[in-house]
Every structure is written in structure tokens, then in C-alpha cells.
Amino acid sequence: MLQILIVDDEEASRCHLIQTLEKIEDEIVVRESETMDDAIAILATINIDCIFLKETLCDSPATLQPLYPQHSKTPIILLTEREDRKTRREWLEIGVSDTLHQWEIVPAILSRSLYIAIGIDRARQEATENLRQVNARLAEQKQHLTTLHKLTNLLNQRLANLTDLLEVMARSILEAIAGAKFCFIALYDCLECQTSLTVTAGEEADRLPLDRAFSAGGWLHRVFTTGETTLMQTPTHPLFPFPAALYAVPIQSVRSGRLGVLGVGHWQNLEAFTRGDGLLLLAAGEQAAIAIDNAQLIQTLEEREERLERQNQTLARQNQKLATQRQQIHRKNLQLIEAANMKSQFLATMSHELRTPMNAIIGFSQVLLRQRSASLSPHQVQMLERIHSNGKNLLELINDILDLSKIEAKKLEIKLGSFNVVQLVCTTLETLRPLADEKNLVLSCDCQCHLENQEIVSDRDRLRQILVNLLSNAIKFTEKGSVTVKLKDVGGDRLKLVVEDTGIGIAPERHKRIFEEFYQGDQTTTRKYSGTGLGLAITKSLVELMQGKIELESQLGKGTTFCIELPYKP
């Protein structure tokens with residue numbers, strides 16, 4: 001079970017860290033502290049495996065001194081908001097195990113940092129204990145001990161490059177052991193079943209078949225698999241050129257397990273090595289394991305920093321690309337807005353220009369139709385009636401386009417006034433009654449019995465336009481039956497206008513699109529019912545401008561009902 005201490009003055013940060021720790025380790029006990037003083041008090045009573053310390057609680061490296069040397073065995077992971085490498089290396093150099101940015105507190109990174117810190121700490125503890133035992137056993141062998149310290153210093157100076165590190169170690173061991181003529185270090189990859197790195201120093205060291213020695217039954221394979229220090233003494237033979245004396249020890253660490261083999265040898269002397277040489281080799285092997293772990297950890301950290309740097313560069317490029325795309329989209333939007341304004345202005349201008357000649361055509365056709373006493377043949381009268389009818393239809397279309405362009409340009413104004421809504425509905429019905437009579441439809445009004453107040457304040461002309469659009473559609477799409485208009489109270493300040501018909505109805509999948517501009521239930525060129533699809537779109541926009549809402553209920557073959565709610569007074 002791991003004992004973790006979190007030193008952070010922000011409760012939210014502590015909670016986030018605890019939740020992340022719980023995701024990577026079930027058997028964990030977390031202690032919390034908001035100040036350095038509380039942390040020191042906890043450390044005095046409990047053995048802590050790792051400390052997570054917020055950087056802002058320690059003004060300088062000297063602030064960490066209360067945690068050292070009394071608790072020098074406890075690794076510290078610094079929680080920082082800075083990302084510069086210089087600061088990170090400074091903290092690592094004074095003894096901090098690792099530094100984590102706030103955004104790095106995720107299970108994968110946190111797990112790796114925690115176990116690396118604890119692994120390094122435990123490896124260092126084990127190395128310290130091993131060194132203590134070696135120093136006790138080799139008290140008489142001052143030369144070996146001095147060499148071991150020298151070797152440790154050299155290793156600590158060359159941690160960054162693993163090959164250089166092992167070469168320095170091999171040369172130092174060769175100098176320390178008088179009976180050694182050569183030294184070798186071989187690292188073995190168990191997954192690939194081959195040596196991953198070998199270095200040698202001394203006389204004819206390149207004669208050693210290190211690759212074959214790790215194969216099953218090989219002389220290094222036994223040392224590697226058993227993990228036991230081995231002294232092999234083999235009489236020399238001219239047909240079998242093998243070292244007369246070979247002393248080999250395993251290289252293994254707490255964190256990474258068994259890594260390889262370290263050994264020295266002599267080509268002719270069977271008695272070249274003593275037990276003291278074996279003890280030095282064993283200590284050197286332990287130091288080598290620690291040094292290799294440290295080198296691999298530093299390499300991992302550097303690779304992570306390089307990877308983060310590449311990711312930051314990639315993100316910077318992506319951000320620049322997104323910024324460029326946003327600018328392009330903004331320019332396109334401005335162009336679209338300008339094009340829409342120009343379109344609306346063009347439609348408004350053209351509609352206005354077309355209304356003048358159309359009014360003239362309709363007016364002249366009416367004048368000619370009134371002169372039936374003159375010499376107009378029935379065919380000519382029929383042609384004039386067609387001119388008059390088509391002219392009115394075209395004028396209605398032009399008016400719809402003009403209204404639509406004003407709505408899109410947000411230039412359509414509502415002119416409020418007080419009027420009798422029942423009277424308006426009845427008058428509109430009478431205007432459209434000839435269309436209903438042509439199809440033998442019943443056109444009726446049910447208004448007065450459900451409406452207490454008949455006076456409303458709204459735009460009379462626009463409300464009449466709404467009624468005309470809905471009633472015209474109802475009559476057009478109803479072959480038999482009736483079209484009914486109803487007025488009802490739906491509250492103290494709103495009324496409902498309902499237009500019902502028994503026509504062909506609208507399919508459910510088309511309900512949402514029926515109010516779109518130019519959309520019709522039948523979009524084919526051979527459709528039975530004519531029209532532009534602007535009426536309902538304009539109606540919906542007018543209702544919303546009058547602070548109302550419109551709803552649709554319809555079933556195929558059973559009819560359609562449009563419900564409009566309007567305020568009595570905006």
C-alpha cells in the first residue's frame with residue numbers, strides 16, 4: 001500500500017489529483033496538507049512513499065530544506081504551472097524526482113511519474129544499503145573502495161549517453177582489478193533474445209563471443225538466468241581459445257529487472273581473481289544497474305520533452321491554420337451578407353418597377369372589359385379576362401417577392417392600429433367567397449360566440465394578408481367539403497385565429513419544411529396545384545413580426561388546420 005502526501009493550498013487541485021491517483025492505484029492512502037508546516041508535521045509521524053508539492057508553496061529551492069535531510073528518502077514530485085525546461089532541470093538538480101504541469105495530471109503520465117519517482121527512490125535506497133554493506137566488507141580494501149567512488153562519480157557525470165557510460169565503467173573496473181586483462185559489459189534483450197549493447201576494454205576483448213555466450217547453455221546465459229555471481233576457471237588449450245579465468249556478475253535493478261552481465265577475465269592465469277574482486281564486481285554491477293536505469297529515465301524524460309515540443313509546434317501550426325480559416329470564413333460571411341443585401345435591394349427595386357406596368361395592364365384590361373357594348377367578340381372578351389386574371393396573379397407574385405425582400409432586409413414595418421377583428425375576418429371571407437363558390441365549398445366563420453373582446457391593436461393590412469394567404473391555400477387544396485375560420489380567447493391578453501379545411505392534407509415529414517421559402521408539398525414540374533411557395537413563408541414571418549406564433553396540424557386526406565396566436569395589444 002502506497003502512502004502519498006499532497007501539499008497544495010487549493011482544495012480543487014487536491015481533489016483532482018486524488019481522483020487521478022485512485023484511477024491508477026487501488027491500494028493507496030492519501031494525506032492532505034495545505035501548508036509546508038503541516039506537511040513537515042505529517043512527515044515526522046508517518047512514513048510517506050511520495051510527496052506531491054505545489055511549486056507556489058516553495059519560494060525557492062531552500063524552502064525544501066525542512067524536508068531534507070531528515071526525510072531525504074521521500075521522493076518529491078513538484079506540481080508546476082511553468083513549462084520552461086530550465087526551471088524543470090533546476091528542480092531536478094536539487095533533488096526533486098520529477099515536475100508535472102497541471103495538464104499532465106492524467107492517469108497515464110501521473111502513473112509513470114509516480115512509479116518512476118518511487119522506483120528511483122527505492123533503487124537509490126537499495127544502492128545505498130548495498131554500498132554500506134560493501135564498504136563494511138571491504139574496509140581493508142581501500143583501493144577497491146576508492147575506485148568504486150571514482151567509478152560512481154564518473155557514472156554520475158556521464159548519465160546522458162548510455163554507451164559512453166558503460167565504456168567509462170569498463171575502463172574504470174579494468175584499472176581497479178589488478179588481475180584483469182579485459183572487461184566487458186553486455187546488455188541482453190529478453191524479448192528479442194539477443195544482446196542489445198556490448199562494450200569491452202582491455203587486451204583482445206573483441207575475441208569474446210558475447211552473442212553466442214547468451215544462447216541456451218552459454219557461459220553468460222547461466223549467469224544471466226540464475227542471477228548468481230560466477231567464477232569460471234578453464235585450463236588453456238591451443239585448440240580452445242577461452243579465458244583461463246572469468247569472473248561475471250549479473251546487472252539487475254529493482255525497476256527494470258535483469259539487464260545484462262558485467263565481467264572481467266584473464267587469458268592465461270587461472271588464479272587471477274580473488275573473492276574481493278568478486279565483491280567489487282558485484283558492487284559495480286549494482287552501480288551499473290542504477291546508472292543504466294537513470295540513463296534510461298533521463299532519456300525517457302528527454303524524449304517526452306521532445307515529443308511535447310513537437311506537439312506544441314503542431315498545435316501552434318494548427319492554431320495558425322484555424323485562425324486563417326476563421327478569417328476566411330469571416331470574409332466569406334461579409335461577402336454573403338453584402339450579396340444578400342444586394343439581392344434584397346435588387347428584388348425590392350425590381351418588384352417596385354414591375355408593379356407600375358402591371359397595374360397599368362390590369363387597369364387597361366378592366367376598362368376594356370367594361371366596354372362590352374362595343375364591338376368585342378366573345379373570343380376577345382375571353383382573352384381580356386385572361387389578361388386581367390394573369391395580371392392580377394403576377395401582381396400578387398410581385399407583391400410577395402417585395403414583401404419577402406423587405407423581410408429578409410429587415411425593412412418591413414408593422415403599422416399598429418385599433419380595429420374590429422371579427423369584422424376584418426368577415427370582410428375577408430366575403431372577398432374570397434367567389435373562389436369557394438366555384439368549387440362548391442362551404443366557407444364559414446365561427447367568431448363571435450367565442451370572443452369577448454373584438455377590438456385588437458395590430459396591423460390590419462398585414463393581418464388581412466395573413467388571412468388571405470391561409471384561406472386561398474385552404475380553398476386551393478380543398479376539392480370538397482368546407483373551409484372554416486374560428487376566433488377564440490386563449491388567455492387574458494391573447495387570441496387564437498384558426499383556419500380549418502377538409503382538403504388533401506400535408507404529409508408529416510413535410511410539416512417542418514412547409515414554412516420554408518419556395519417550398520411546396522409537390523416539387524415536381526407536373527404538379528397539380530400552382531403557386532410559388534412564398535405564401536406560408538411570408539405568413540410565418542408576418543406572424544412573428546406581430547409578436548405571435550403559428551402552428552400546423554394536418555393529416556393526409558383529412559385536411560389541415562393552421563392556428564395563429566396574436567396578442568390583443570403588443
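Every value quoted in this text rests on a predicted model; they were computed, and no experiment measured them.

1. Here we look at the overall build of the protein
If you tally the helices and strands in the protein, you get 13 helices and 17 strands. Put simply, the protein has 570 residues, and 42% of those count as buried. Partitioning the contacts of the protein with sequence separation of at least 6, the portion at a separation of at least 24 is 65%. On the protein, roughly 31700 Å² of surface is accessible, and the fraction owed to carbon and sulfur atoms is 51%.

2. Remarks on the pattern of salt bridges
Under the defined criterion, the tally for this structure stands at 12 salt bridges. One salt bridge connects Asp8 with Lys54, and the closest N-O pair in it is separated by 3.7 Å. Of the two residues, Asp8 is situated in the loop between β1 (2-7) and α1 (11-24) and Lys54 in strand β3 (residues 50-54); the sequence distance between them amounts to 46 residues. Per residue, the accessibility class of Asp8 equals that of Lys54, and both read buried. A network of salt bridges, in which partner residues are shared, links Asp8, Asp9, Glu10 and Lys54.

3. A short note on the packing of helix α11 (residues 421-438) against helix α12 (residues 460-476)
Two elements in contact, α11 and α12, have axes separated by 10 Å at closest approach and are oriented at 35°. Relative to α12, the crossing made by α11 is right-handed. Together, Val421, Leu424, Val425, Thr428, Leu429, Thr431, Leu432, Leu435 and Ala436 of α11 and Arg460, Leu463, Arg464, Leu467, Val468, Leu471, Ser472 and Ile475 of α12 make up the contact between the two elements. Residue classes in the contact of α11 with α12 are distributed as 12 nonpolar, 3 polar and 2 charged.

4. So, the pairing of β1
When you tally the buried positions in β1, you get 6 out of 6 residues, the bulk of the element. The alternating pattern of β1 places Leu2, Ile4 and Ile6 and Gln3, Leu5 and Val7 on opposite faces, both of which are buried. Pairing geometry for β1 and strand β2 (residues 28-33), over 6 bridges, is parallel. Bridge assignment links Val7 to a residue of β2, and that residue is Ser33.

5. A short note on the packing of α12 against helix α13 (residues 535-545)
Here α12 crosses α13 at 145°, and the two axes come no closer than 10 Å. The way α12 lies across α13 gives a crossing that is left-handed. Residue-level contacts link Arg462, Gln465, Ile466, Asn469, Leu470 and Asn473 of α12 to Gly535, Leu536, Ile538, Thr539, Leu542 and Val543 of α13.

6. Notes on helix α6 (residues 162-176)
An ideal rise of 1.5 Å per residue puts 21 Å on 15 residues; α6 measures up with 21 Å between its terminal C-alpha atoms. Every buried residue of α6 is listed here: Leu165, Leu166, Val168, Met169, Ala170, Ser172, Ile173, Leu174 and Ala176.

7. Quick word on the nonpolar core
Soluble, globular proteins show a tendency: their nonpolar side chains are buried together. One finds Val421, Val425, Leu463, Leu471, Leu487 and Ile564 to be the most contacted residues of the largest nonpolar core, which totals 44 residues. Mapped onto this core, the elements with two or more residues apiece are α10 (378-408), α11, α12, β14 (482-489), β15 (494-501), α13, β16 (549-555) and β17 (559-567). Every residue in contact with Val425, bar those within four places of it in the chain, is listed here: Cys445, Cys447, Leu467, Val485, Leu487 and Leu497. Judged by nonpolar contacts, the second largest core, of 28 residues, contains Leu166, Cys183, Ile185 and Ala288.

8. Let's talk about the environment of Val543
You can see Val543 is positioned in helix α13. Sequence separation between Val543 and Leu566 is 23 residues; the distance between their C-alpha atoms is 7.7 Å. Those residues in contact with Val543 that lie beyond four places of it in its chain are Ile466, Gly548, Lys549, Ile550, Ile564 and Leu566.

9. Quick word on the sheet that holds strand β9 (residues 245-253)
Judged by pairing direction, the sheet is antiparallel, and its 5 strands sit side by side in the order β7-β6-β10-β9-β8 without closing on themselves. Looking at strand neighbours, the two that pair on one side only are β7 (194-202) and β8 (230-233), the edges of this open sheet. Adjacent strand axes in the sheet meet at a mean angle of 20°, parallel and antiparallel pairs treated alike. With 6 bridges connecting them, strand β6 (residues 182-189) and strand β10 (residues 257-266) associate as antiparallel partners. When the sheet's bridge partners are listed, Ile185 is paired in β10 with Leu262. Strands in contact with α6 are β6, β7 and β10; relative to β7, the strand with the most contacts, it is inclined by about 40°. Set on the sheet, helix α8 (residues 219-226) makes contact with β6, β8, β9 and β10; between it and β10 the angle comes to about 135°.

10. Points about the packing of aromatic side chains
Within this structure, the stated rule accounts for 4 aromatic pairs. Seen in terms of ring centroids, Phe182 and Trp267 are 5.1 Å apart; in terms of plane orientation they differ by 45°. Their pairing is tilted. With Phe182 in strand β6 and Trp267 in the loop between β10 and α9 (275-370), this pair connects stretches of sequence that are 85 residues apart. Trp267 shares its class with Phe182; the two are buried. With a centroid separation of 6.2 Å and 80° between ring planes, the pair formed by Phe515 and Phe562 is classed as edge-to-face.

11. Brief notes about the confidence of the model for the protein
The predicted model of the protein averages 80 in pLDDT, with 84% of residues at 70 or higher. Looking at the elements of the protein, mean pLDDT is at its lowest for helix α5 (residues 142-157), recorded as 64, and at its highest for β17, recorded as 93. Contacts from residues 523-527, a stretch scored under 50 in pLDDT, to residues over four places away or in other chains number 3 contacts.

12. With respect to unusual backbone geometry
In terms of backbone geometry, most residues other than glycine have negative phi values and most peptide bonds are trans. Phi angles above zero are rare outside glycine, and Glu204 is one such case at about 50°. Summarising the element assignment, Glu204 is placed in the loop between β7 and α7 (210-213). Positive phi is not limited to glycine here, since Asn440 has a value of about 60°. For Asn440, the position within the fold is in the loop between α11 and β12 (442-446). Asn440 sits in the exposed class, given a relative accessible area of 69%.

Scoring rules and cut-offs
Residues numbered from 1 in each chain as written. Predicted model: local features only at pLDDT ≥ 70, side-chain atom pairs only at ≥ 80, totals over all residues. Heavy atoms only, no water. Helix = DSSP H or I, 4+ residues; strand = E, 2+ residues; numbered from the N terminus. Buried < 20%, exposed > 50% of the residue type's maximum accessible area, 1.4 Å probe, protein only. Contact = heavy atoms within 4.5 Å. Areas by Shrake-Rupley, 256 points an atom, 1.4 Å probe, with all protein chains shown as cover. Salt bridge = Lys/Arg side-chain N within 4 Å of Asp/Glu carboxyl O. Axes fitted to C-alpha atoms, helices over the stretch in contact; angles between N-to-C directions. Left-handed = near helix turned anticlockwise from the far one by under 90°. Nonpolar A, V, L, I, M, F, W, Y, C, P; charged D, E, K, R; others polar. Pairing = 2+ DSSP bridges. Expected span 1.5 Å × (residues − 1). Core = buried A, V, L, I, M, F, W, Y, C linked by side-chain atoms within 4.5 Å. Phe/Tyr/Trp six-rings, centres within 6.5 Å; stacked < 30°, edge-to-face > 60°. pLDDT = per-residue confidence, 0-100.

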